[in-house]
Amino acid sequence: MQIESSEFSWNSENGVFHFDGAPALLFWDNAFEIFLSTIMEISGPDASNAVFETTGFRMGLLVNDYYQNRFSIEEIIKKYSEIYSSAGWGNVTITAFNKDKQTVTVRLKNSWEHRIFQSLNPNQSAVLLPSHWAGVFSGLFKEKMWYELTKSQTRGDEYDELNIFVSDHTPHQSVHELARGKETKYITELETMVENRTKELSTLIRHLSTPVMPVMKGILAIPLIGKFNEERFEDLLQKGLQEFSERRASYLLLDLTGISEFDQFIIFRLQELVKAIELIGGECVLVGINPDLSVQIIQSGVDLKDIHTFATLEQGIEYAIEALGYRIEKQP
């Protein structure tokens, strides 16, 4: 069957349909709509647009490869309108063609892409067919070419119009940009997760590293373990004062048994805590002063004569109990 310049033939016995001598397929618009909507549903809007652009561009290169050796450029330009119209791709008109400047203007009306997207997403501008024509003329001019959509039926124009020109942009770049965008998004999400998890762990570590333990009514104890920096001492100061005030305690026992090093920084910050507790009507007692630690304190030249100190936590507790007017007696 001959329709304008295109030839259609069927071989019912083998179930094969040919269009201009090449095997082809026939689809209802609704069937192709399902195919495209499935891609959009699975891939999402950004990825599906990249898929449509890349597919359209490659299809354009394929069409050009098939026809370029059968006709001259001028003949192809004339025949394309008939070929695409006969194939059900809508009305295609090449309104401007400049071989020297390698520019083309194509007008599309009632295209299958517009028909389908009117049902799927009325706000979706043409993507596949414009990139398809960029592929067609990329092959024809043997140059990298891309398009600009100057008129769109989606925006209320009577037809889609696209200018095609030489450009460094290719659909492959869109795919790479999409991949880089997803990679960047994944890295950002991962960094956020790590940052949040780090904050959670830091909070947990601070909580565990400076536990405030109630000994009995009026007496609290805080074991100091490991090395202390500015952040840990600030947390110790805030937590110690808060717990001391809320529990209405009178004595705070600071257990130095777990302190690995005792230097001027630690001494200075401990003195701050001692003074702060005094200001709210309490008293700090230093316990866990072993021989090595006592030597370090003496060598540092710090005067602790106004602070009660004890070798063990037990001694410090006994001191605080007696100071509160209690007495420990063994049951008979």
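Just so it is clear, the model here is predicted, and its values are computed rather than measured.

### Considering the sheet that holds strand β6 (residues 103-109)
Here four strands make up an open sheet; going across it, the order is β5-β6-β8-β7 and the pairing antiparallel. Two strands in the sheet have a free side with no partner beyond their single neighbour: β5 (91-98) and β7 (145-151). Strand-to-strand twist across the sheet, computed as the mean angle between neighbouring axes with direction ignored, equals 20°. As defined by bridge partners, β6 adjoins strand β8 (residues 160-166) across five bridges and the pair is classed as antiparallel. When the bridges of β8 are listed, T105 appears paired with N163.

### Examining the pattern of salt bridges
On inspection of all chains with the given rule, the structure shows eight salt bridges. With its nearest N and O atoms 2.9 Å apart, the salt bridge here joins E243 to R247. R269 is the salt-bridge partner of E272, the closest N and O atoms lying 2.6 Å from each other. Separated by three residues within a single helix, E272 and R269 lie in helix α8 (residues 264-279), roughly one turn from each other. Take E272: its relative accessible area is 30%, and that puts it in the partly exposed class. By sharing partners, the salt bridges in this structure join E230, E234, R269 and E272 into a single network.

### Some points on helix α2 (residues 45-67)
Between its terminal C-alpha atoms α2 stretches 33 Å, which fits the 33 Å expected from 23 residues at 1.5 Å a residue. Within α2 the residues assigned to the buried category are A47, S48, A50, F52, E53, T54, G56, F57, G60, V63, N64 and Y67.

### Remarks on the packing of aromatic side chains
Under the counting rule described, the total for this entry stands at 13 aromatic pairs. Between Y84 and W133, the ring centres sit 4.6 Å apart and the planes meet at 45°, which makes this aromatic pair tilted. Here the residue Y84 occupies a position in helix α3 (residues 73-86), and W133 occupies one in helix α5 (residues 128-141), the gap between them amounting to 49 residues. The same class applies to Y84 and to W133, which are both buried. Every member of this aromatic cluster is reached through a ring pair, and the members are Y84, W89, F97, W112, W133, F137 and F141.

### A few points about the sheet that holds strand β10 (residues 219-226)
Ordered by their spatial adjacency, five strands build an open sheet running β9-β10-β11-β12-β13, and the pairing between neighbours is mixed. Looking at which strands have only one partner, the edges of the open sheet turn out to be β9 (213-216) and β13 (308-309). Where helix α7 (residues 230-246) meets the sheet, it contacts β10, β11 (251-259) and β12 (283-287), and its direction lies at approximately 170° from that of β10.

### Here's the deal with the domain arrangement of the protein chain
Under the domain assignment, the protein chain is made up of domain 1 (2-177) and domain 2 (213-324). Just the C-alpha atoms count here: the centres of domain 1 and domain 2 sit 80 Å apart.

### Digging into unusual backbone geometry
If you check the backbone angles, N110 has positive phi at about 60° while not being a glycine. Tracing the sequence through the fold places N110 in the loop between β6 and α4 (112-120). Classification of N110 by relative accessible area gives partly exposed; the value is 42%. The phi dihedral of R248 falls on the positive side, at around 55°, and the residue is not glycine. Positionally, R248 belongs in the loop between α7 and β11.

### Considering the packing of helix α1 (residues 29-43) against α2
It is at 7 Å that the axes of α1 and α2 come closest, and there the two elements cross at 135°. One way to sum up the angle between α1 and α2 is to call them oblique. Taken as a pair, α1 and α2 cross one another with a handedness that is right-handed. Contact residues: L36, I39, M40 and S43 in α1; P45, A47, S48, V51 and F52 in α2. Each residue belonging to the contact of α1 with α2 can be placed in one class, and the counts come to seven nonpolar, two polar and no charged.

What counts and what doesn't
Residues numbered from 1 in each chain as written. Predicted model: local features only at pLDDT ≥ 70, side-chain atom pairs only at ≥ 80, totals over all residues. Heavy atoms only, no water. Pairing = 2+ DSSP bridges. Helix = DSSP H or I, 4+ residues; strand = E, 2+ residues; numbered from the N terminus. Axes fitted to C-alpha atoms, helices over the stretch in contact; angles between N-to-C directions. Salt bridge = Lys/Arg side-chain N within 4 Å of Asp/Glu carboxyl O. Buried < 20%, exposed > 50% of the residue type's maximum accessible area, 1.4 Å probe, protein only. Expected span 1.5 Å × (residues − 1). Phe/Tyr/Trp six-rings, centres within 6.5 Å; stacked < 30°, edge-to-face > 60°. Contact = heavy atoms within 4.5 Å. Domains from an automatic or database assignment. Parallel < 35°, antiparallel > 145°, perpendicular 65-115°, else oblique. Left-handed = near helix turned anticlockwise from the far one by under 90°. Nonpolar A, V, L, I, M, F, W, Y, C, P; charged D, E, K, R; others polar.

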